[in-house]
Each structure stands twice: as structure tokens, then as C-alpha cells.
Amino acid sequence: MAAASFPGAVKGLVSAKARLSEPLRGGSRSLLVLYPRRGGMALVASATPLELSEKVAESIKNAEETCAGDAASGECAAAWDEVEELSAAASHARDKLKANSDPLDNYCNDNPETDECRTYED
Amino acid sequence: MASCTIHTAPYSCSISRPAAKAFSLGFHQRHQQLIFFSSGRRSAVVCSAEKTVVIGLAADSGCGKSTFMRRLTSVFGGAAEPPRGGNPDSNTLISDTTTVICLDDYHSLDRTGRKEKGVTALDPRANDFDLMYEQVKAIKDGVAVEKPIYNHVTGLLDPPELIKPPKILVIEGLHPMYDSRVRDLLDFSIYLDISNEVKFAWKIQRDMAERGHSLESIKASIEARKPDFDAYIDPQKQYADAVIEVLPTQLIPDDDEGKVLRVRLIMKEGVKRFAPIYLFDEGSTISWIPCGRKLTCSYPGIKFFYGPETYFSNEVSVVEMDGKFDRLDELIYVESHLSNLSTKFYGEVTQQMLKHSDFPGSNNGTGLFQTIVGLKIRDLYEQIVAERAAASAAAAKV
């Protein structure tokens, strides 16, 4: 796997592009991000915007606390539903970041017929 | 011949520009609009000669950005994007022909409200079905509406956005078929049924990278939502014209990764303007393994099944695919043996799948059947348009 640091790193994160295992038809690239964590760096697949990420972690803690009291209550279900909603929002945000991150990809989506964007598959 | 509604609201109805575009897939639209103002009272009458076609999609995966939506809008041509210049957290997607509305926008309780009452978003008490019915009916009749926005990031209800009647309206969310009045407005309905094991595997993939989540929290989240899901969302399956059921594969024993899937396309018989697809001989039962002498597949291969069944006391036809596609020729081989696909040319399904080869499910039945359902909806839409043209021609003669 090749790791490279690109100019314009976002919020102190070093992003590396690598081709994971076998490429899908059409070629797909995944964004691997080195995320600063306690105890060193952790390799995470794509970064969620910080505030959403914190919201998710907070809601999980909140849900665990609420359900510790009464696991069958409506409040417990509502709390975990909130976790699900925020996780979905975080996942969408990650996809949005990924979708907009590569200028070449963006250009080729709009202009697939140009020379830079031609793909050859054997 | 045209249905007109007189609207004397303080704001005037939006007027869509008559578009006479030819779309890449070759179907033409003439959106005829008659606008006249009555003297004295300031009222605008917007009459549309074509009623909007409404499609309902029930899915648990959040709104408008799902793969199914992107495939569907792609079949109709053009990419669907959030409305320009509006709320950046809007859930709506708009393309040339299609507008996709997220039913979460009809939440009557925002996140705090739900927490206080102790209800999940799945509970009907958290949703305003009267408003949903009113607005979908209005759009179907050609009247623009101010639809509320539910902001998934903040959990609040934002100020409304204007939705102009498109040619095709897709309502996507948890409860498109829950309310019987809304159900009657739908020209076609689809239910995406993900089995528990596959849901678990997908949520693990989605959430494990998230700080704070663990296997236990993901499991707890699914378990806690299950009672409401089974009570309110799951029963909608029986009303759907097409159900896409995603199950774990039977080809790999004890597979828990959810990478190879068994996908069943369950199609209701006798639905107007919808001819179910079939394998080889309509109405018979077929078990088919395409891999053999003409086609070589890699492990675990591909297995098809086709047959008539009963689903919630409805007559249905089921086409099932277990396995995954590795190569282009597998896909085209399978396409050439399926019938009633409503494609406009040989290889259209394969072409659509290739166009979005980076979407999840592009190498298995989920992508295949979502694409096929998209083509069926396009066919349904064109039939409606043709019927209207014939009706107006007949009316003109009289």
C-alpha cells in the first residue's frame, strides 16, 4: 500500500490513497485516513466531521445510561433510535466528503470523454 | 381533460417552465401548463395537463442518498442533486424529471420531542400523516407546496422549502405505505426488505469506524428499534407492488460478512402497467445455474431461481439471485436470459450497472434488481404518458 501526504491536509489529518484488495470493475479508490488518537495514530477508513462524530459518541453514552435504568422503556428505544439517526447522518457526511475530495474524480464525473478520464479495461 | 385546482393562497403557485427536452434514454415530455388569472380576486389557477406520477419507496436506510435512489434517477437520466441555494441540510433530491422527497420531513416531533415522549422515529405518533397526504396529493394535482425540512444533523424541523410538481415524484422513507390515503396516491410502490443478519453485517461495516461505537452498541441499537420496526414498518411489505428481499447467501456456509448475498425480487401479479420479469418460461418454476460450459464463474458462483409464490395472500412471481458477478460477460449473459425487462436495447441493464460500478451492490442481486425495478418504473411512466396522450387525442376529436 502506498502512503503519501497531500498538500491541503484537513485539520491535521494525513490522508493516504490506497487500492484495497481487488479493484471493483471500473476501479474504486478508498480514502484511508490517519486519525490522531490517544496512544498514537489509528488508521480509519474516512473521517467524519468532528462535531458529528462527537454527537454520535455522546448519544451512545446517553443511550447506555438511559437503558441501564429500564431496558424496555420507550425512552431507551428513543435513545438508541437517536444513535441510529446520528450514525446514518455521520455515514452520509463521510460519503459526501469522500465524493468531493478528489478533483480528478469530480472532473471525470462531469467529463468522462476527455483524454485524462479514459479508462481501459482488458 | 386537464385537472385544474383553484388556489387562492396568499402566495401564488409556482409555475414550472414548460420543458420540451429530449432525454438521453429517448422519451419526450411535453409539460403543458395553462395559467389564467381571474379579474378582481388575485388568484392564480395552475392547471397541469399531466398529473405527477408518484412512486413510494420504503427503506430504513435514511433518505434520498441511498443507492437505490441514485440508480433510479440515473435510469431516468441526469444526476439528482439537492436543491441549489436552499437549506444545505435538505433531504430533497432534484433531477430533470424526478424529485425525491424524504418522508422524515413529515416528522411531527423533532429529536427532543421524541426523547421527551419516549417514541422512536418509527412510531406513527412521531409523524404527521395528514400533512403528508395533503402535500403529496397537492403535488400529484400539479400544485407546488411548501414542505417542511427535518434536519438530520441538528434534529430540528427547519423552515419549509418549495417543492414544484415534477414529472415523477418519489417519496422515500419509513412510512410511504402506512397511511391508506397516501397508499392510494401511489402509482407504484417498492419495499426494501433487509434481513436481520444482513442488516447487522452492513451496520457493522458502516459504524465500526465511528469513535464510540462497538459491536455491543450496534447490536443494542438494532435490538431497541426492532419492536417498533416490526410493528409499524414491516407490515407495509404486504402492500408493496415489488419487494426486494436481501438475505444471507446459501452458497457459502456460515457466511457472516454479507458480501455475497441472496436477493429476491418479489413482484405482485395483476398490478396495472407492471409486467413481472421472468426466466425462460413465464409461470413455471425454474432453477438455473448459468455457470458451466459456456460461462465460467469464480467461487461461489451464481444461482438463479424463478417461480410463482404466495406472499401475504397475494399472488406473486419471484426471481432470486444468489452469488455475485465478477465479470462483465457474466452480467450480460444473465441479462440475455431474463425476459420482460423493459429495456430499450440489448444490454441496457448491464450498461446501467457498469455506469455505477462503484455503488454498493453493483456485483450482486441488489444492484441488478434495483436497476431492473428502475427500468420497470420508467416503462410504467411511459405507459401513463401514452395513455394520457391517447385520451387527450380522443377528447380533442369529440
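Just so you know, these numbers come straight off a predicted model, no measurement behind them.

Undergrad: Could you give me a rundown of the overall build of chain B, with the residues and numbers involved?
TA: If you tally the helices and strands in chain B, you get 9 helices and 17 strands. Taking all 398 residues of chain B together, 55% fall into the buried category. A sequence separation of at least 24 residues applies to 66% of the contacts in chain B between residues at least 6 apart. Here chain B has roughly 17600 Å² of accessible surface; of this, 53% comes from carbon and sulfur atoms.

Undergrad: Any chance you could break down the packing of helix α1 (residues 50-69) of chain A against helix α2 (residues 74-101) of chain A for me, citing the residues and the numbers?
TA: All names here are of chain A. α2 packs onto α1 with a crossing angle of 165° between their chain directions and a minimal axis gap of 9 Å. Comparing the axis directions of α1 and α2 gives the class roughly antiparallel. Pair α1 / α2 crosses with left-handed handedness. Counting all contacts with α1, which are made through Leu-52, Lys-55, Val-56, Ser-59, Ile-60, Ala-63, Glu-64, Thr-66 and Cys-67, the residues of α2 involved are Glu-75, Cys-76, Ala-79, Trp-80, Glu-82, Val-83, Leu-86, Ser-87, Ala-89, Ala-90 and Ala-93. Of the residues assigned to the contact of α1 with α2, the class counts are 13 nonpolar, 3 polar and 4 charged.

Undergrad: Outline the sheet that holds strand β6 (residues 98-102) of chain B, listing residues and values.
TA: Residue and element names in this part refer to chain B. Pairing is mixed in the open sheet, where 10 strands are placed in the order β5-β6-β9-β4-β10-β11-β12-β16-β15-β14. Either end of the sheet is taken by a strand with one partner, and the two such strands are β5 (93-94) and β14 (286-288). Summarising the sheet, β5 and β6 pair through 2 bridges and their orientation is antiparallel. Across the sheet, Leu-93 pairs through a bridge with Val-100, a residue of β6.

Undergrad: Outline helix α6 (residues 215-233) of chain B, supporting the account with residue identities and numerical values.
TA: Maximal helix bending in α6 of chain B amounts to about 40°, located at Lys-226 of chain B; proline Pro-227 of chain B follows within four positions. Buried residues of α6 of chain B: Ser-217, Ile-218, Ser-221, Ile-222, Ala-224, Arg-225, Asp-228, Phe-229 and Ile-233 of chain B, and no others. Contact partners of the buried residues in α6 of chain B: α1 and α2 of chain A together with β10 (188-194) and α5 (196-207) of chain B.

Undergrad: An account of the interface of chain A and chain B is needed here, citing residue identities and associated values.
TA: Opposite the 37 residues of chain A that make contact, chain B presents 38 residues. At the boundary of chain A with chain B, the tally comes to 8 salt bridges. Ionic pairing is found between Arg-114 of chain B and Asp-81 of chain A, a salt bridge with its closest N-O pair at 3.8 Å. Taken together, the connections running from chain A to chain B amount to 13 residue pairs in polar contact (both at pLDDT 80 or more). For the side of chain A that touches chain B, the secondary-structure elements that each account for two or more residues are β2 (30-37), β3 (40-45), α1 and α2 of chain A. With 19 residues, α2 of chain A is the largest single contributor of residues to the side of chain A that touches chain B. When grouped by side-chain class, the residues that make up the side of chain A that touches chain B number 16 nonpolar, 8 polar and 13 charged.

Undergrad: Provide a residue-level description of the packing of aromatic side chains, including the pertinent values.
TA: Residue and element names in this part refer to chain B. Applying the stated criterion across every chain yields a total of 6 aromatic pairs over all chains. Note on Phe-188 and Phe-274: the rings are 4.9 Å apart at their centroids and 65° apart in plane angle, and the pair reads as edge-to-face. Taken together, the residues Phe-188 in strand β10 and Phe-274 in the loop between β12 (261-268) and β13 (278-279) connect sequence positions 86 residues apart. Summarising the burial analysis for this pair, Phe-188 and Phe-274 share the class buried. Ring centres of Tyr-278 and Tyr-306 lie 6.5 Å apart, and the angle between their planes is 45°; this geometry places the pair in the tilted category. With Tyr-278 in strand β13 and Tyr-306 in strand β15 (residues 302-311), this pair connects stretches of sequence that are 28 residues apart. Residue Tyr-278 is classed as buried on the basis of its relative accessible area, which comes to 17%.

Undergrad: Help me get a handle on the confidence of the model for chain B, residues and values and all.
TA: Should the pLDDT be low somewhere, the predicted coordinates at that spot are not to be read in detail. Residues and elements named next belong to chain B. Counting all residues, the mean pLDDT for chain B is 85, and 86% of those residues have values of 70 or more. Counting interchain partners and residues more than four positions distant, the pLDDT-below-50 stretch residues 1-48 has 88 contacts. Reported confidences for the modelled complex are a pTM of 0.78 and an ipTM of 0.78.

Rules behind the numbers
- Here the residue numbering is sequential within each chain, running from 1 through the sequence in written order.
- Chains carry letters from A onward and ligands carry numbers from 1 onward, assigned in written order.
- A pLDDT threshold of at least 70 governs which residues receive local features in this predicted model, and a stricter bar of 80 or more applies before side-chain atom pairs are shown or counted, although totals over entire chains, interfaces and linings include all residues.
- Calculated side-chain values reflect all of the structure's heavy atoms, with hydrogen atoms and water omitted.
- Elements are defined by DSSP. Helices are runs of H or I of four residues or more, strands are runs of E of two residues or more, and each kind is numbered from the N terminus.
- Residue exposure (1.4 Å probe, protein chains only): buried if accessible area is under 20% of the type maximum, exposed if over 50%, otherwise partly exposed.
- By the convention used here, residues are in contact when the closest approach between their heavy atoms is within 4.5 Å.
- Only the protein chains shown count as cover for residues, and the accessible areas themselves come from Shrake-Rupley with a 1.4 Å probe.
- Angles shown run from 0 to 180 degrees and are taken between the N-to-C directions of axes, each axis being a line fitted to C-alpha atoms and, for helices, limited to the stretch in contact.
- For classification purposes, angles smaller than 35 degrees are called roughly parallel, those larger than 145 roughly antiparallel, those between 65 and 115 roughly perpendicular, and all remaining angles oblique.
- Less than a right angle of anticlockwise turn of the near helix away from the far helix marks a crossing as left-handed, whereas a clockwise turn marks it as right-handed.
- Following the grouping adopted for this structure description, the nonpolar residues are Ala, Val, Leu, Ile, Met, Phe, Trp, Tyr, Cys and Pro, the charged ones are Asp, Glu, Lys and Arg, and the polar ones are all others, Gly among them.
- We call two strands paired when DSSP finds no fewer than two bridges between them.
- To get the bend at any residue, fit one axis to the seven residues that end at it and another to the seven that begin at it, then take the angle between the two axes.
- Salt bridges, as used here, are contacts in which a Lys or Arg side-chain nitrogen is within 4 Å of a carboxyl oxygen on Asp or Glu.
- Counted as a polar contact is a pair of N or O atoms within 3.5 Å, where, for protein atoms, one must be capable of donating a hydrogen and the other of accepting one, and residues adjacent in sequence contribute only when both atoms are in side chains.
- Within 6.5 Å between ring centres, the rings of Phe, Tyr and Trp (the latter by its six-membered ring) count as paired, and their orientation is classed by plane angle as stacked under 30 degrees, edge-to-face over 60, tilted in between.
- Scored between 0 and 100, pLDDT is the confidence that the predictor attaches to each residue.

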